[in-house]
Amino acid sequence: VSHSYETPEVTTDIMDNRYVQVQFQVITDDNDAIDELEKRDFQITNLLIKELAVMDEDAFQTGLNDLENTLKTNLNEMMTEGTVTEVYTIKKILQ
C-alpha cells in the first residue's frame, strides 16, 4: 500500500498489571499525511499508552477494533495534512 505508515512498537502495562506490545499499520489518503504521521510518532505512542492504560486483559483481547477506531478518530482530529482512512493491528502480544 503506497500511503501506509507503520507505527512504532508500543510496550506498556494495562489495567490488570499485565503487559502488552502492539503495533499498527495506518493507511492514509496521500503522502503528505504519511510525512505528518512520521513527525507525530511521539503523539501516536502517547495516545496508545493512554488508551491501553485503561484496558484490562478482556478488553484488550476483544476490543482491538475499538482501539483501531479510536486511533483513527484521534489521528484525524490532530492531522492537518490528509486523512487516515484505515488502521490495522499488525502486532499484538499480551504477557
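Predicted model only: the values in this text are computed from it and were never measured.

## Thoughts on helix H4 (residues 64-78)
Helix length check: H4, at 15 residues, gives a terminal C-alpha distance of 21 Å against a target of 21 Å (1.5 Å per residue), a fit within 8%. Among the residues of H4, those classed as buried are Leu64, Leu67, Glu68, Leu71, Asn74 and Leu75. Taken around the axis of H4, the buried residues stretch over an arc of 140°, which confines them to a single face. Counted as exposed and oriented over 90 degrees from the buried face of H4: Asn65, Asp66 and Glu77. Taken together, the buried residues of H4 touch strand S3 (19-28), helix H1 (31-39), helix H2 (41-53), helix H3 (57-62) and strand S4 (84-94).

## Notes on H1
The complete set of buried residues in H1 reads Ala33, Ile34, Glu36 and Leu37. Down the axis, H1 shows its buried residues gathered within 165° of arc, on one side only.

## Structural notes on the pairing of strand S2 (residues 10-13)
Because side chains alternate across S2, one face comprises the buried residues Val10 and Thr12, and the other comprises Thr11 and Asp13, none of which is buried. Bridging between S2 and S3 involves four bridges; their strand directions are antiparallel. Bridge pairing in S3 links Thr11 to Gln21. Turn length for the S2-S3 hairpin, with the two strands adjacent in sequence and antiparallel, is five residues, and the turn residue Asn17 shows positive phi of about 60°.

## Here's the deal with the environment of Leu94
Mapped onto the secondary structure, Leu94 falls in strand S4. Sequence separation between Leu94 and Thr7 is 87 residues; the distance between their C-alpha atoms is 18 Å. Residue contacts for Leu94: discarding those within four places in its chain leaves Ile14, Arg18, Tyr19, Val20, Glu57, Phe60 and Gln61.

## What to know about the side chain of Arg40
As for its position among the elements, Arg40 is in the loop between H1 and H2. Among the residues examined, Arg40 registers a relative accessible area of 17% and is labelled buried. If sequence neighbours within four positions are ignored, Arg40 has contacts with Met78 and Thr80.

## Regarding the pattern of salt bridges
Taken as a whole and judged by the stated rule, the model has three salt bridges. Between Glu36 and Arg40 there is a salt bridge, with its nearest N and O atoms 2.7 Å apart. Note on Glu36: relative accessible area 9%, which makes it buried.

## Topic: a negative patch on the surface
Where like charges cluster on the molecular surface, the negative patch consists of Asp32, Asp35, Glu38, Asp41 and Glu81. Here Glu38 shows up in helix H1. On the accessibility criterion, Glu38 (44% relative accessible area) is partly exposed.

Calculation notes
Residues numbered from 1 in each chain as written. Predicted model: local features only at pLDDT ≥ 70, side-chain atom pairs only at ≥ 80, totals over all residues. Heavy atoms only, no water. Helix = DSSP H or I, 4+ residues; strand = E, 2+ residues; numbered from the N terminus. Expected span 1.5 Å × (residues − 1). Buried < 20%, exposed > 50% of the residue type's maximum accessible area, 1.4 Å probe, protein only. Arc of directions from axis to C-beta. Contact = heavy atoms within 4.5 Å. Pairing = 2+ DSSP bridges. Salt bridge = Lys/Arg side-chain N within 4 Å of Asp/Glu carboxyl O. Patch = residues over 30% accessible without salt bridge, like charges linked within 9 Å, V, L, I, M, F, W, Y side chains within 5 Å. Areas by Shrake-Rupley, 256 points an atom, 1.4 Å probe, with all protein chains shown as cover. Lys, Arg positive; Asp, Glu negative; His and termini not counted. Charge placed at Lys NZ, Arg CZ, Asp CG, Glu CD.

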